[in-house]
Amino acid sequence: MADLLTHLLVPYILLTVASWAVGWLDRRWVVVGMGGAAIPDLVKVGIVLDERVVEAFLGVPFTYMPVSTLGGVLLLAGVITVAFERRRWRRVFGLVTFGGLTSLLLDGMRVYADGRASAWLYPFTNWRPPTPSLYVSSDPTVLVVALLAAGTVAVIDRQIQAGN
C-alpha cells in the first residue's frame, strides 16, 4: 500500500543514508525532502474540496490531477521554496523536488490494468511509461517493507549520531 506514509518513508530512508556522507544534509533537511513526497498526494484534497466547487469559484475548468505529475511537483516545489530564505532556495527546491520524484516513481511501479503508469511526466509529455507492476495499490507489503527499512535506518542513524 503505497500511501502517504510510504511516500514519506522512502525519502526519509534515502536522504538519511545520504546524510551519512553529505555534511550539510542533517535531519532538518531530510524533513524538507520528506515534505516534497507529499506533493503528489495533494490530489486527495479532492476528497474534502470537490473540484466542481473550486471550478465554480474560479469560473474556469479545474482539476487536481496535474498535482500528481512532474509539472505539479516542480510548480509546488517552487512555491514551497519561496517560503525559505533566498540563500537556501537551491537546496530547498532540490530536496522538495527529490521527495516529490520519489513519490511519483513509487506510484509508477504499481500495477495498472493496461500495463502503463499514469502520465506523470506531464506537462513535458503525455506519454505513459510502462510499469513494472511490482505491487497492487492495496498491498500492505510495500508499507511493511518501508517501515522495516526506515526503522533499520533510524537505528543505524542513532548509532552513528551517538558515535560522533
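Keep in mind the model is a prediction, meaning the values are calculated, not measured.

Undergrad: What am I meant to see in the packing of helix H1 (residues 4–19) against helix H2 (residues 27–36) here?
TA: Two quantities define a packed helix pair, namely the angle between the axes and the distance from one axis to the other. Remark: H1 packs on H2, axes separated minimally by 8 Å, with the N-to-C direction vectors making an angle of 145°. The handedness of the crossing between H1 and H2 comes out as right-handed. Where H1 abuts H2, its residues Leu-8, Pro-11, Tyr-12, Leu-15 and Thr-16 lie against Val-30, Gly-33 and Met-34. Classifying every residue of the contact of H1 with H2 by side-chain character gives six nonpolar, two polar and no charged.

Undergrad: Looking at this structure, how should I read the UniProt feature "transmembrane region" (unreviewed entry) in the protein chain?
TA: The positions that UniProt labels "transmembrane region" (unreviewed entry) are, in the present scheme, residues 64–85, 92–113 and 133–156. Helix makes up 55% of residues 64–85 and strand 0%. Its end C-alpha atoms lie 29 Å apart. Secondary structure content for residues 133–156 is 67% helix and 0% strand, while the C-alpha to C-alpha distance between its ends is 31 Å.

Undergrad: Explanation requested: the confidence of the model for the protein chain in the structure shown.
TA: Looking at the protein chain, the pLDDT average stands at 93 and 98% of residues meet or exceed 70. Of all the helices and strands in the protein chain, helix H3 (residues 51–58) carries the lowest mean pLDDT, 93, while H1 carries the highest, 97.

Undergrad: Where do I start with the packing of aromatic side chains in this structure?
TA: All told, the structure shown has one aromatic pair when counted by the stated rule. With a centroid separation of 5.0 Å and 85° between ring planes, the pair formed by Phe-62 and Tyr-64 is classed as edge-to-face. With a relative accessible area of 8%, Tyr-64 lands in the buried category. Positioned above the aromatic ring of Trp-29 is the side chain of Arg-91, whose terminal nitrogen or guanidinium carbon lies 5.3 Å from the ring centre.

Undergrad: Help me understand the environment of Thr-141, please; the structure alone is not making it clear to me.
TA: Turning to its location among the elements, Thr-141 is positioned in helix H6 (residues 141–163). Between the C-alpha atom of Thr-141 and that of Val-155, which follows or precedes it by 14 residues, the distance is 21 Å.

Undergrad: Mind showing me how you'd approach the nonpolar core here?
TA: A general feature of soluble globular proteins is that nonpolar side chains tend to end up buried together. Counting residues in each nonpolar core, the largest one holds 26 residues, and the members touching the most others are Tyr-12, Leu-25, Trp-29, Val-30, Val-32, Leu-95 and Val-96. Every element with two or more residues in this core is listed here: H1, H2, helix H4 (70–81), helix H5 (89–108) and H6. Ignoring anything within four residues of it in the chain, the contact list for Leu-95 reads Leu-15, Trp-24, Leu-25, Trp-29, Val-32 and Gly-33.

Undergrad: I keep staring at the environment of Gly-99 and nothing clicks. Help me out?
TA: Take Gly-99: it is sitting in helix H5. Linking Gly-99 and Asp-41, residues 58 residues apart in sequence, is a C-alpha distance of 12 Å. Ignoring anything within four residues of it in the chain, the contact list for Gly-99 reads Pro-11, Gly-33, Gly-36 and Ala-37.

Reading the values: rules and limits
Residues numbered from 1 in each chain as written. Predicted model: local features only at pLDDT ≥ 70, side-chain atom pairs only at ≥ 80, totals over all residues. Heavy atoms only, no water. Axes fitted to C-alpha atoms, helices over the stretch in contact; angles between N-to-C directions. Helix = DSSP H or I, 4+ residues; strand = E, 2+ residues; numbered from the N terminus. Left-handed = near helix turned anticlockwise from the far one by under 90°. Contact = heavy atoms within 4.5 Å. Nonpolar A, V, L, I, M, F, W, Y, C, P; charged D, E, K, R; others polar. UniProt positions renumbered as here; feature names shortened; annotations may be inferred. pLDDT = per-residue confidence, 0-100. Phe/Tyr/Trp six-rings, centres within 6.5 Å; stacked < 30°, edge-to-face > 60°. Buried < 20%, exposed > 50% of the residue type's maximum accessible area, 1.4 Å probe, protein only. Lys NZ or Arg CZ within 6 Å of the ring centre and 35° of its normal. Core = buried A, V, L, I, M, F, W, Y, C linked by side-chain atoms within 4.5 Å.

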